[in-house]
Protein chains: 2
Amino acid sequence: MAASSSLTVSHALVSRAIVGGSSSSSSTTTTTTSHVALPGFVRSSIAGQSLRSSASARPSRRRDGPRRGSMRAMAAVETLEGKAETTALLEKSVNTIRFLAIDAVEKANSGHPGLPMGCAPMGHILYDEVMRYNPKNPFWFNRDRFVLSAGHGCMLQYALLHLAGYDSVKEEDLKNFRQWGSKTPGHPENFETIGIEVTTGPLGQGIANAVGLALAEKHLAARFNKPDNEIVDHYTYVILGDGCNMEGISNEACSLAGHWGLGKLIAFYDDNHISIDGDTEIAFTENVDARFEALGWHTIWVKNGNTGYDEIRAAIKEAKAVTDKPTMIKVTTTIGYGSPNKSNSYAVHGSALGAKEVEATRQNLAWPHEPFHVPEDVKSHWSRHTPEGAALEAEWNAKFAEYEKKYPAEAAELKGLSTGEFPTGWEKALPTYTPESPGDATRNLSQQCLNALAKVLPGLLGGSADLASSNMTLLKMFGDFQKSTPEERNIRFGVREHGMGAICNGIALHSPGLLPYCATFFVFTDYMRAAIRISALCEAGVIYVMTHDSIGLGEDGPTHQPIEHLASFRAMPNILMLRPGDGNETAGAYKVAVLNRKRPSILALSRQKLPQLPGTSIEGVEKGGYIISDSDGKPEVILIGTGSELEIAAKAGDELRKEGKKVRVVSFVSWELFDEQSDEYKESVLPSDVTARVSVEAGSTFGWEKIIGSKGKAIGIDRFGASAPAGKIYKELGMTVENVVASAKALLG
Amino acid sequence: MAASSSLTVSHALVSRAIVGGSSSSSSTTTTTTSHVALPGFVRSSIAGQSLRSSASARPSRRRDGPRRGSMRAMAAVETLEGKAETTALLEKSVNTIRFLAIDAVEKANSGHPGLPMGCAPMGHILYDEVMRYNPKNPFWFNRDRFVLSAGHGCMLQYALLHLAGYDSVKEEDLKNFRQWGSKTPGHPENFETIGIEVTTGPLGQGIANAVGLALAEKHLAARFNKPDNEIVDHYTYVILGDGCNMEGISNEACSLAGHWGLGKLIAFYDDNHISIDGDTEIAFTENVDARFEALGWHTIWVKNGNTGYDEIRAAIKEAKAVTDKPTMIKVTTTIGYGSPNKSNSYAVHGSALGAKEVEATRQNLAWPHEPFHVPEDVKSHWSRHTPEGAALEAEWNAKFAEYEKKYPAEAAELKGLSTGEFPTGWEKALPTYTPESPGDATRNLSQQCLNALAKVLPGLLGGSADLASSNMTLLKMFGDFQKSTPEERNIRFGVREHGMGAICNGIALHSPGLLPYCATFFVFTDYMRAAIRISALCEAGVIYVMTHDSIGLGEDGPTHQPIEHLASFRAMPNILMLRPGDGNETAGAYKVAVLNRKRPSILALSRQKLPQLPGTSIEGVEKGGYIISDSDGKPEVILIGTGSELEIAAKAGDELRKEGKKVRVVSFVSWELFDEQSDEYKESVLPSDVTARVSVEAGSTFGWEKIIGSKGKAIGIDRFGASAPAGKIYKELGMTVENVVASAKALLG
């Protein structure tokens, strides 16, 4: 995108966050919008002030354009009669949400009506009164983010997106809820439905994603905001339920949110006392508010979440006033509110109400309408969000134009972060090595890459789960991202792997140019696997820096030694499992990881020192598997190694060649990348008529038959490791040059 | 073991918990021991009362035998001089622990000296003054359990076991710390070192195991104790660190511990303010005490954990007095206490001190001794634990003999639970089915098995992570295990998968006859994978009931649909991945799971209804893979299915036979079990010259080349699933009879 770009509204998933707008085009839009008369509810009954405007309490963020509509609405309720009228419309609108959810679940005969029925009031206030977004450009950079951590209640969000005017959720989409190919899947999926920020459903992930979104905002605000222009300024809202609050991941992420003082993170805890197994009394009697306070959060209790609109509004206002802490608003609701026979029971959590109960609920809530009906006055009420959203964006674009004029360098960088366009030639920063370069552990070589990339990739930030000095992940040119230094890029996650992964998903999905990486020992991917799987599913290009990747870590023993982990990730869709063997391959792995913005990468790295091998290359890594050394003519035997065992394969090749054998040595860094090569290329590396193949990898042999064929030999470890010096374990478990040589000879007969 | 068993001391891992002791033999032992003069520290400076005796505050548990030694020790300190002498010996003993740790780490040049140096005082008080155990029978049923959740500090525990007289940790073993084949691996491993209860190291697992151990005690006490004989009565002690407290799993497990009111769980939080990345201020500023209080725990703060022996004692006394809540004692310590230049820094956490600093520490703590030296007075002091432990066990055996006389049925059951011996013929309770039996989802068939087994296996208990009604795991004959009904067997874990798995590990390792099962959706094994891996490593035969095992769950979509999970567990050592296809196979899977007490089992079960297939059998399942239908003569093609796709394979077989093809259909329930069969058997099922093989499984094809060979065809799903009705997804993703038939024909040419 050129520096003097015009206002661009893009719905394409490939470039989802747009910073842009020259002052001329955007001011035109602003002017247009400010003349539109916008009907609106009272935006806040508390202080005669729009809640949305309270988002911008600081003088620099006051604006007049879109406010006018709100002010008119305000005027309308200054009489008692007007207020009653407005409340009636509000309740009608809230019931519209409830019935869209009821009807969609009923039509699908599958889904979760209980949450949308209970959370419709808070959802309504958020999308209609509080949040700043542009439904016609859901990727507007400075939008408020919303996360439904209790993802099973997705019909709430679909109904809200539909009413708010998002083109992604039309009436037809609501009618196709949970059907093949629809835009309204069974849980919120950012890659399916534009307007959904992250993928939720597995409980606790969403609140942790939200911590990542809020972290990204705080970080970017600290880097880019100027005293005269706070160009980054938005909130992250979450709705989470009892289930999310029981999951350990939420405690991890929320502990960090408190530590970091993420004041613009506002979470609504849907306190409905019901989970799938019944009353939460049977398993969840802790004091949630007190726990959150202990985690450094501000807490508020809304006692009537079913009809207490003013209570909800007041809570949001209070939450915004607390700028140095995240806020948890406990909203006590009735699950399935409105259903006379099923509300307040697990029966309404995860099943359609059934025709009879739907009818009873229609009676009870005085809802005479056909399924999927949106009353005209409700429709008309919500229709203002299209012009208002455009105005918000235009206003921001104007602000950005001013920013760009005054701070061109920062503006260019922010634009890059928001579009995902990297500085040209960034990959030249990657180090390369020759066989004469000193040998080193790939975890150290990884640190060289990270530090080289930090200089050229403004979006690179991340850290480790309390193993920075072991994972070698510190960016030396930066300090720690902390409450008082949020502009820095080394994130200290503490011993919270699961939260770390999900927070990185949030960072990655905040802006396409943000490149979060995170680190722990490879074996502890087990702690964060649910978050890693979501990275893969939701197309978040997180870089997982996983060191101590085998028995090669030595004395810490089998609890710390990964065995099955390589195989377990090779089996996972849409993720790159990379195991580089030296410096060039580590650099190659980083190149691949950075380029794959819609697919996460896991780098398995050694604790132990490895030599720089002849024949390795960045280009080779990009093909997944490639020849690092060969004999003249057709090989008799192919030796295949990965990571730290590539050295063993190479040495075994040398040995065998000394004995006159024709040997090819292949590095197999990434099975996924190799799979994507042409058949010709694959055949050129692994000719089908060379069936004598030996693989060597310090991990489970599971899956290697695919590469070595039924006549090959896989040398690996199909047991747990042991506590001893690394060299000893390698020898005892047969991970040796001798074993590879002997196996090759046995195959050659 | 016969009913009138004599006192048996067993060190064999295979039968580790022994309930026994006739009144005659045990009383003899008691008498002998009570005459031994035991030197001892003052056991409690607080109230002139042994802390160990305060464990038995209830009148029924007072005893005189082993107390006498303590009383003599008490008498010895009634003068000021005596007290000073005792304190000097205590400090000497504590420094012995510190230097055993320092020296072992130094010799190995690997390990974690910091924690043992800081936690030696609390460790000393626990093993020397508080805990009830018999070092010569570490499996004595009623022993107190100790868990070092901060497992990296294992040299603390090895030093304590050594001093206390456990034969498993001799001086030689300390000198072989972290070496190949030693009994002192880099983290505590119950399967390597007798006296270690559970396997820790991965942070947070230990505290959750401890919750399981304490649950088991509370459950068994409620089931077996009588007003006149509290035969089950012991404590669970834990030391956990900052890392454990940051991990989400600990919050999950501790929330449950609070909910269940596990009053005999006492956790020491080593509050040393240092983690690997430095001061905990950088990532961990929450109020831990307040969080634990919110979770329903009693909390105490020992401000001087380095030398405040009396403070520690008082805290334990207070903790024991609170019987309706678990207690968290925050003990503020200095990591690496005694090291003049490295204490209170991360430098002392995970590396040897180095010769120079070891020397400086020796100077600083006035420790003139050679490495690994245990001063004679310290040795002599600790030596009393051998007779005292024997006496404790003998006394308990006598109590058990009384119990057995009065309550023979309960005694027999408790004996079975403690030895792991199941009632004979239990497996006859398993249901069997014919093809005429009504079809059903394997999750429902699983419920039939669980409920059948509950009648015959007194150790079966478990539950689900808030999905009991979906996983179908309720035992109908029992109520809920709750604070006030701990005798019941349905455990309500809430949405806490990770904590659930680790708690089940604790239950399984408490007594070999306890058979814990736990449940969630198969995809959410991702949340608990670290705990499942520990089950496999530590030989805890937990039964994982994992339902909704494929895209067959339908509309919930890809966040809920497992794809790579079967492969990921097939690659894991020492675990059985079972995917039964109908009723007989589900029963077979349960038979296998129950019999495998040192290997966990995962049962992948369908949400959707499946037919009862001809040819399936319990015996077949026990072989892992077997023929369910065949044509006459040698087959032309072999169709292989698992779980819900076995039906597809069977139907495709029928189709192909109609067309005159010779088809064998093989069920492949468990790869691990098939691997263990003889070559002859394997060849009989999959003859090597029948290379036309088609596998069908609704999951990743990763690994199937091993079974189908390079000429076979694997039908599976190598992408994420989708949200739609199950039948539709099956069809769209090619999981159909037609596809299997076509693939088979393609192979036959």
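Higher on the page you've got the structure.
All chains use their own residue numbering, which begins from 1 and follows the written sequence. As they are written, the chains are lettered A onward and the ligands numbered 1 onward, keeping that order. At least 70 in pLDDT is required for a residue's local features to be given in this predicted model, at least 80 for side-chain atom pairs to be given and counted, and no such filter applies to totals for whole chains, interfaces and linings, which use all residues. Processing note: side-chain calculations cover all non-hydrogen atoms of the structure and skip hydrogens and water entirely.

S.K.: So, the pattern of salt bridges: which residues are in play, and what are the values?
M.R.: Residues and elements named next belong to chain A. What makes a salt bridge here is a side-chain nitrogen of Lys or Arg within 4 Å of a carboxyl oxygen of Asp or Glu, nothing more. Scanning the model with the defined rule gives 78 salt bridges over all chains in all. Between Arg143 and Glu197 there is a salt bridge; the shortest N-O distance is 2.7 Å. Taken together, the residues Arg143 in the loop between helix 5 (114-130) and strand 1 (145-148) and Glu197 in the loop between helix 7 (171-175) and helix 8 (205-224) connect sequence positions 54 residues apart. Summarising the burial analysis for this pair, Arg143 and Glu197 share the class buried. A salt bridge links Asp289 to Lys330; the shortest N-O distance between them is 3.1 Å. Highlighted residues: Asp289 in helix 11 (residues 288-294) and Lys330 in strand 7 (residues 327-332), separated in sequence by 41 residues. Lys330 carries the same exposure label as Asp289, and that label is buried. The network of salt bridges with common partners includes Asp128, Arg384 and Glu388. Runs of H or I in DSSP of at least four residues are treated as helices and runs of E of at least two as strands, each being numbered from the N terminus. Relative accessible area decides the class of each residue, using a 1.4 Å probe on protein chains only: under 20% of the type maximum gives buried, over 50% gives exposed, and in between gives partly exposed.

S.K.: So what's going on with the relation of the copies chain B and chain A? Which residues, and what values?
M.R.: You can overlay chain B on chain A at an RMSD of 0.0 Å; the transform is a turn of 180° with a shift of 0.0 Å along its axis. Expressed as an axis order, the relation between the two copies is that of a two-fold axis. Note on definitions: a residue-residue contact is assigned when non-hydrogen atoms from the two residues lie within 4.5 Å. When the interface residues of chain B are mapped onto chain A, 100% of them again lie at the interface, so the same face is used by both copies. Least-squares superposition aligns the copies on the C-alpha atoms of those residues with pLDDT at or above 70 in both.

S.K.: Before we move on, can you summarise the side chain of B:Thr96 with the specific residues and values?
M.R.: Residue and element names in this part refer to chain B. Along the chain, Thr96 falls in helix 4 (residues 80-108). Taking relative accessible area as the criterion, Thr96 reaches 0% and is therefore assigned buried. Excluding residues that lie within four positions of it along the chain, Thr96 makes contacts with Leu163, Trp367, His373, Val374, Pro375 and Val378.

S.K.: Break down the nonpolar core for me, citing the residues and quoting the values.
M.R.: Buried Ala, Val, Leu, Ile, Met, Phe, Trp, Tyr and Cys residues that are joined via side-chain atoms within 4.5 Å together make up what is termed a nonpolar core. The biggest cluster of nonpolar side chains holds 152 residues, and the ones touching the most others in it are A:Leu639 and B:Leu639. Setting aside its immediate chain neighbours within four residues, B:Leu639 contacts B:Ala649, B:Ala652, B:Gly653, B:Leu656, B:Val663, B:Arg664, B:Val665, B:Val666, B:Val694, B:Val740 and B:Ala744.

S.K.: Quick one: what's the story with the sheet that holds strand 6 (residues 298-302) of chain B, residue by residue and with numbers?
M.R.: Residues and elements named next belong to chain B. Whether two strands pair depends on DSSP finding at least two bridges between them. Reading across from one edge, 1-2-3-7-6 is the order of the five strands in this open sheet, with parallel pairing throughout. Each of the sheet's edge strands pairs with one partner strand only, and the pair in question is strand 1 (145-148) and strand 6. For this sheet the average axis-to-axis angle between neighbouring strands, irrespective of direction, equals 15°. Here four bridges tie strand 1 to strand 2 (residues 236-241), and the two strands are oriented parallel to one another. From the neighbouring strand, Leu148 faces strand 2, where its bridge partner is Ile239. Axes here refer to lines fitted to C-alpha atoms; in helices the fit is confined to the stretch in contact. Angles between the N-to-C directions go from 0 to 180 degrees.

S.K.: Tell me what's going on with the pairing of strand 13 (residues 543-547) of chain A, and back it up with residues and numbers.
M.R.: All names here are of chain A. The buried fraction of strand 13 is high, at five of five residues. Neither face of strand 13 is exposed, since Ile543, Val545 and Thr547 on one face and Tyr544 and Met546 on the opposite face are all buried. Here five bridges tie strand 12 (residues 515-521) to strand 13, and the two strands are oriented parallel to one another. Within strand 13, the position partnered with Cys518 by the bridge is Tyr544.

S.K.: So, unusual backbone geometry: which residues are in play, and what are the values?
M.R.: Residue and element names in this part refer to chain B. Even without glycine at this site, Arg178 takes up a positive phi of about 65°. On the secondary structure map, Arg178 appears in the loop between helix 7 (171-175) and helix 8 (205-224). Of note in the backbone geometry, Glu539 takes a positive phi value of approximately 65° without being a glycine. By relative accessible area, Glu539 is classed as partly exposed at 24%.

S.K.: Any details on the sheet that holds strand 18 (residues 637-641) of chain B? Residues and values, ideally.
M.R.: Residues and elements named next belong to chain B. Here we have five strands laid out as an open sheet, ordered 17-19-18-20-21, and mixed in their pairing. Each edge of the open sheet carries a strand with a single partner, namely strand 17 (625-629) and strand 21 (713-715). Across the sheet, the axes of successive neighbouring strands diverge by a mean angle of 25°, strand direction being ignored. The sheet contact formed by strand 17 and strand 19 (residues 663-668) spans four bridges and is antiparallel. From the neighbouring strand, Gly625 faces strand 19, where its bridge partner is Phe668. Sheet contacts for helix 24 (residues 646-658): strand 17, strand 18, strand 19 and strand 20 (693-696); angle to strand 19, the most-contacted strand, approximately 175°. Of the strands in this sheet, strand 18, strand 20 and strand 21 touch helix 29 (residues 737-748), which is tilted by about 160° from strand 20.

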